[in-house]
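So you can see what is in the structure, the chains are spelled out below.
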Amino acid sequence: MYRAPRGTSDILPQEQAYWRYIDKKIVDLCQLYGYERIDAPAFEDTGLFLRTVGEETDIVEKQMYTFKDRGGNKLTLRPEGTAPVCRAYLEHGLHNLPQPVKLYYIASIFRYERPQAGRYRQHYQFGYEAIGDDDPALDAEVIDMAWQFFLSLNLHHLSLQLNSTGCKKCRPRYLTELKDYYSDHTQELCSDCRARLKRNPLRLLDCKKPSCQQLANSAPKSIDYLCPQCDEHFNRLKRYLSLLDLPFAVNPRLVRGLDYYTRTVFEVQPEAEGAQSALGGGGRYDDLIEELGGKPTPALGFAAGIERIILNLKQQGVPIPPLPQPQVFIAYIGDQARDGAVKLASALRRAGIGVSEAISGKSLKAQLRQANSLGARYTVIIGEQEVTNNTVILRDMTTAQQKTIPLPQLERELQ
Ligand code: AMP
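Residues numbered from 1 in each chain as written. Predicted model: local features only at pLDDT ≥ 70, side-chain atom pairs only at ≥ 80, totals over all residues. Heavy atoms only, no water.

**Here we look at the sheet that holds strand β14 (residues 378-382)**
Taken together, the 5 strands give an open sheet; going across it, the order is β13-β12-β14-β15-β16, and neighbouring strands pair in mixed fashion. Every other strand in the sheet has two partners, leaving β13 (355-357) and β16 (402-406) as the edge strands with one partner each. Each strand axis lies, on average, 30° off the axis of its neighbour in the sheet, ignoring direction. Bridging between β14 and strand β15 (residues 391-396) involves 4 bridges; their strand directions are antiparallel. Within β15, the position partnered with isoleucine 381 by the bridge is isoleucine 393. Across the sheet, helix α15 (residues 407-414) lies against β12 (328-332), β14, β15 and β16, angled at about 120° from β16, the strand it touches most. (Pairing = 2+ DSSP bridges. Helix = DSSP H or I, 4+ residues; strand = E, 2+ residues; numbered from the N terminus. Axes fitted to C-alpha atoms, helices over the stretch in contact; angles between N-to-C directions. Contact = heavy atoms within 4.5 Å.)

So this is what it looks like as structure tokens:
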């Protein structure tokens with residue numbers, strides 16, 4: 001027997017109500033904040049991700065699904081959503097539009113990870129990008145939108161964490177300080193962090209091993225090394241967030257798993273004790289578009305994992321509206337009635353009335369049970385006598401009351 005590949009899952013009908021619920025919130029939210037949808041291909045030239053995500057990151061080092069196609073092209077299933085959007089922004093000349101250009105996506109993301117709850121090899125992200133402006137008011141808007149998204153989903157007990165990681169002018173000095181600090185403590189670091197120290201010291205700050213966490217707590221903080229422009233940007237952002245009553249907390253250890261971030265980074269996390277998995281995160285990437293060959297173009301964005309949102313909706317017992325089902329069920333008794341049932345089902349659907357039907361002969365009791373389990377509001381029953389009289393029995397499934405009506409009147413009655 002084949003099974004879904006490790007780290008992937010089928011989204012079965014009983015799960016779909018969650019997905020439609022979230023879809024609807026996304027569409028409403030993006031309309032409120034003026035974001036338009038973009039869909040990029042599921043794979044891109046491998047170089048796009050090497051260039052932007054950073055060669056020293058877990059994603060590039062260990063997690064990309066990279067392959068050569070039959071034409072010899074080196075391609076990668078997208079391990080994140082921002083680089084493809086920026087590639088499309090440049091490819092289609094969106095920099096000629098009034099800036100910022102605001103785009104959102106819902107896309108499958110592929111990462112070769114060690115599967116566990118909330119961590120899969122294929123997952124879906126809702127993400128959005130605001131490209132072409134460096135004003136901290138835009139950062140505040142992007143963060144506000146993320147926060148309002150979770151509120152609109154009825155998720156609670158979340159925290160909003162914020163940091164600034166500086167720019168290419170001020171970051172090198174900070175990285176030197178960080179390396180110096182950790183070099184005095186290499187014995188206390190885990191083996192992964194020892195290896196990361198030279199190549200990507202920022203990553204040491206979010207290692208989950210207890211001994212590394214302790215060290216990270218006393219490590220130098222990027223916000224103490226910001227240049228005057230980054231410092232002003234961060235201060236203005238905090239002022240805007242306070243103006244918007246957003247309950248943010250500055251977390252000097254917050255860094256993200258992709259190298260392209262500059263200045264603002266933020267995450268939304270469940271407050272539950274031990275919950276270390278971010279529901280979503282984002283930040284500025286002011287150099288990324290230039291890195292891809294465009295003019296210097298400041299930008300920022302956010303992405304949230306949909307499976308993780310669903311896990312939290314379930315944990316918090318958030319009620320989800322059921323998906324609409326056909327309102328009418330057609331039951332029949334005897335072969336003669338079957339032709340009538342087949343014809344009637346089609347006629348009602350053509351008139352825009354959703355219908356489920358009993359396909360092969362079961363007892364009436366079994367058919368009514370089926371109607372109940374499908375949540376039908378009405379069952380239309382056709383027996384031999386009804387065929388002879390050109391009538392049907394209409395049963396109200398909530399009250400169990402039945403009445404006989406002429407067949408030609410049924411459609412109007414149901415409408
Ligand atoms: P990232 O692109 O790493 O910033 O991730 C953005 C969000 O996607 C995270 O906050 C998670 O909610 C979700 N996410 C990231 N990786 C995975 C994964 N392997 N499985 C499920 N969700 C994920």
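Still to come is the rest of the account.
**Notes on the site of the ligand**
The full set close to the ligand counts 14 residues, and Arg111, Glu113, Tyr120, Arg256 and Leu279 are the nearest of them. In the model, an oxygen atom of the ligand is placed 2.7 Å from a nitrogen or oxygen of the arginine 111 side chain. The side chain of histidine 123 places a nitrogen or oxygen atom 3.3 Å from a nitrogen atom of the ligand. Protein contacts shield 92% of the accessible area of the ligand, which totals 480 Å² for the unbound molecule. Mapped onto the shell around the ligand, the elements with two or more residues apiece are β6 (122-131) and β11 (299-305). Taken together, the residues of the shell around the ligand sort by class into 4 nonpolar, 5 polar and 5 charged. (Near = heavy atom within 4 Å. Polar contact = N/O pair within 3.5 Å; in protein donor to acceptor, adjacent residues only side chain to side chain. Areas by Shrake-Rupley, 256 points an atom, 1.4 Å probe, with all protein chains shown as cover. Nonpolar A, V, L, I, M, F, W, Y, C, P; charged D, E, K, R; others polar.)

**Here's the deal with helix α5 (residues 136-152)**
The end-to-end C-alpha distance of α5 is 24 Å, a good match for the 24 Å that 17 residues give at a rise of 1.5 Å each. Burial analysis of α5 places 12 of its 17 residues in the buried class, which makes it a mostly covered element. Regarding α5, the residues found buried are Pro136, Leu138, Asp139, Ala140, Val142, Ile143, Asp144, Met145, Ala146, Trp147, Phe149 and Phe150. Regarding α5, its N-cap is aspartate 135, as a side-chain oxygen of that residue lies 2.7 Å from the backbone nitrogen of alanine 137 further along. Looking at the residues trailing α5, positive phi occurs at asparagine 154, about 70°. (Expected span 1.5 Å × (residues − 1). Buried < 20%, exposed > 50% of the residue type's maximum accessible area, 1.4 Å probe, protein only.)

**Observations regarding the domain arrangement of the protein chain**
When cut into domains, the protein chain gives domain 1 (13-170 + 226-315) and domain 2 (328-414). The C-alpha-based centres of domain 1 and domain 2 are spaced at 50 Å. (Domains from an automatic or database assignment.)

**As for unusual backbone geometry**
The phi torsion of most residues other than glycine is negative, and most of the peptide bonds are trans. Here the bond from glutamine 99 into proline 100 is cis, since omega is -5°, no more than 30 degrees from zero. You will see that arginine 263, though not glycine, has its phi angle at about 50°, which is positive. Despite not being glycine, alanine 400 has its phi angle at roughly 65°, a positive value. Structurally, the position occupied by alanine 400 is in the loop between β15 and β16.

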